[in-house]
Amino acid sequence: MLNFKKVLFGAAALTFALSASAGAEDKILIGLVTKTNGNPFYAKMKEGAEMKAKELGVELQSFAGKIDGDSDSQVAAIETLISAGAKGIMITPSDPKGIVSTLEKARKAGIFVVALDTETDPITAADATFETDNKLAGELIGKWAAATMGDKAKDAKIAFIDAVENQPTVDWQRDQGFMKGFGIDLKEPNRYGEEDDPRIVGHQWGAGAEDGGRTGMEQLLQREPEINLVYTINEPTAAGAYEALKAVKREKDVLIVSVDGGCPGVKNVAAGVIGATSQQYPLLMATMGVEAIVNYVKTGAKPTNSEGLDFYNTGVKLVTDKPVPGIDSITSEEALKLCWG
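Our subject in this report is the structure included herewith. All of these numbers come straight from a predicted model, not from anything done at the bench.

Reading the values: the criteria
Residues numbered from 1 in each chain as written. Predicted model: local features only at pLDDT ≥ 70, side-chain atom pairs only at ≥ 80, totals over all residues. Heavy atoms only, no water. Helix = DSSP H or I, 4+ residues; strand = E, 2+ residues; numbered from the N terminus. Rg over C-alpha atoms; globule rule 2.2 N^0.38 Å. Buried < 20%, exposed > 50% of the residue type's maximum accessible area, 1.4 Å probe, protein only. Contact = heavy atoms within 4.5 Å. Areas by Shrake-Rupley, 256 points an atom, 1.4 Å probe, with all protein chains shown as cover. Pairing = 2+ DSSP bridges. Axes fitted to C-alpha atoms, helices over the stretch in contact; angles between N-to-C directions. Core = buried A, V, L, I, M, F, W, Y, C linked by side-chain atoms within 4.5 Å. Phe/Tyr/Trp six-rings, centres within 6.5 Å; stacked < 30°, edge-to-face > 60°. Left-handed = near helix turned anticlockwise from the far one by under 90°. Nonpolar A, V, L, I, M, F, W, Y, C, P; charged D, E, K, R; others polar.

**Overview of the overall build of the chain**
Within the chain, the regular secondary structure consists of 11 helices and 12 strands. Taken over C-alpha atoms, the radius of gyration comes to 20 Å for the chain, in line with the 20 Å a tight globule of 341 residues would show. If one aligns the C-alpha atoms of the chain with their principal axes, the spans along those axes are about 65 × 35 × 35 Å. Buried residues in the chain amount to 56% of all 341 residues. Across the chain, every contact between residues at least 6 apart in sequence was considered, and the portion connecting residues at least 24 apart equals 72%. Just so you have it, the chain exposes about 14600 Å², and 50% of that area is on carbon and sulfur atoms.

See the structure below:
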């Protein structure tokens, strides 16, 4: 597990070194391209990037898709940044595979590309990646759910409310991590939906939003009214799923697990809406991304990956007020000191 304090100390040391030389050269333009501004996760990412850009004396231009999955707007943003002479681009790709040709164009123009939160496909399409270990994030909530259900886990009726149908890397990684943690046999290495475990009621796509979570849950309940475990791609989706369960008076006997660790989601853990979530750190991703670009422009040095991984792991913690033996976790009270949104 990543030592969060050590990362912050290292980031602070790098910031000091960069700050000493900021302003001595021409202004550096950096672009941030997120999936959508509607999700607090990406709002916090933008906040972190703006804060670090100001601190280092560089210019930041921010762009976002209209909704999660809007790759066309991301392509247009990258084209704009190429024309503007950007030195670096940070992106949370909506279509990790489809965006590759546009990123290749940016890199050929001398732009340093950093993927945040969601890796490109292949991951080598970006010069560096800062993200949560999303498989581990899913695995933690899967293990917690299995341990919490105990003997009932073998007969669980599981609903999955994922992100979008093209299954970006962050989507299938979390999904498959959950299945691995829960003890479901994985069929496809980089996709979900091919499993034949009878406990799986089905998959729906909520686009990472509360209304999508509500609709997805309604559709899955029509298929199987006795669902007793719900996995959601993120906490806004979980909030919507809970409202759908509440409408049919099932909210007290269905376990919901999720990923994000935003303040609204952590409060929902405290309120019993979400049983457990995996907390990630978008502000850290963005600040480290800005630092990596500035450092590359000034020195030519690229950041190193975490040991054993092909990306830099910015950390993940299981958040629950109902801990189980053998799985490290923090309480909602502790998580509120680290949350965002």
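From this point on, the discussion continues.
**With respect to the sheet that holds strand E4 (residues 112-116)**
An order of E2-E1-E3-E4-E5-E11 is seen for the six strands of this open sheet, with the pairing classed as parallel. If you trace the sheet from one side to the other, it starts and ends with strand E2 (59-64) and strand E11 (312-313), each paired once. Running at roughly 175° to strand E1 (residues 29-34), helix H2 (residues 40-56) makes contact with E1, E2, strand E3 (88-91) and E4 of the sheet.

**Thoughts on the nonpolar core**
Grouped burial of nonpolar side chains is what soluble globular proteins tend to show. With 31 residues, the main nonpolar core has Trp144, Phe178 and Phe182 as its most contacted residues. Put simply, the parts of the chain that give this core at least two residues each are helix H5 (134-149), strand E6 (158-162), helix H6 (169-182), strand E8 (229-232) and strand E9 (255-260). Counting residues per element, this core draws most heavily on H5, which supplies seven residues. Sequence-distant contacts of Phe178, defined by excluding residues within four places in its chain, comprise Gly138, Glu139, Ile141, Gly142, Ala145, Ile158, Phe160, Leu229, Tyr231 and Val257. Counting 27 residues, the second largest nonpolar core, distinct from the first, contains Met45, Ala128, Val290 and Tyr312.

**Some words on the packing of aromatic side chains**
The tally for this structure, following the rule as stated, stands at eight aromatic pairs. Ring centres 5.1 Å apart and planes at 35° place the aromatic pair Phe178 and Tyr231 in the tilted group. Linking Phe178 in helix H6 with Tyr231 in strand E8, this pair joins segments that are 53 residues apart in sequence. Note on accessibility: Phe178 and Tyr231 belong to one class, buried. The structure contains a cluster of three or more aromatic residues connected by ring pairs, namely Phe160, Phe178, Phe182 and Tyr231.

**A few points about the packing of H5 against H6**
It is at 6 Å that the axes of H5 and H6 come closest, and there the two elements cross at 35°. Handedness of the H5/H6 crossing: right-handed. For the pair H5 and H6, the contacting residues are Asn134, Lys135, Gly138, Glu139, Ile141, Gly142, Lys143, Ala145, Ala146 and Met149 in the first and Val170, Trp172, Gln173, Arg174, Gly177, Phe178, Lys180, Gly181 and Phe182 in the second. Looking at side-chain class alone, the contact of H5 with H6 contains eight nonpolar, six polar and five charged residues.

**Details of the environment of Leu221**
As for its placement among the helices and strands, Leu221 is situated in helix H7 (residues 210-223). According to the relative accessible area criterion, Leu221 is buried, its value standing at 11%. When the C-alpha atoms of Leu221 and Ala244 are compared, they prove to be 8.9 Å apart, with 23 residues separating the residues in sequence. The residues touching Leu221, leaving out its near neighbours within four places in the chain, are Ile227, Ala244, Leu245, Val248 and Arg250.

Take it as geometry only, folks, not as evidence of what the structure does.
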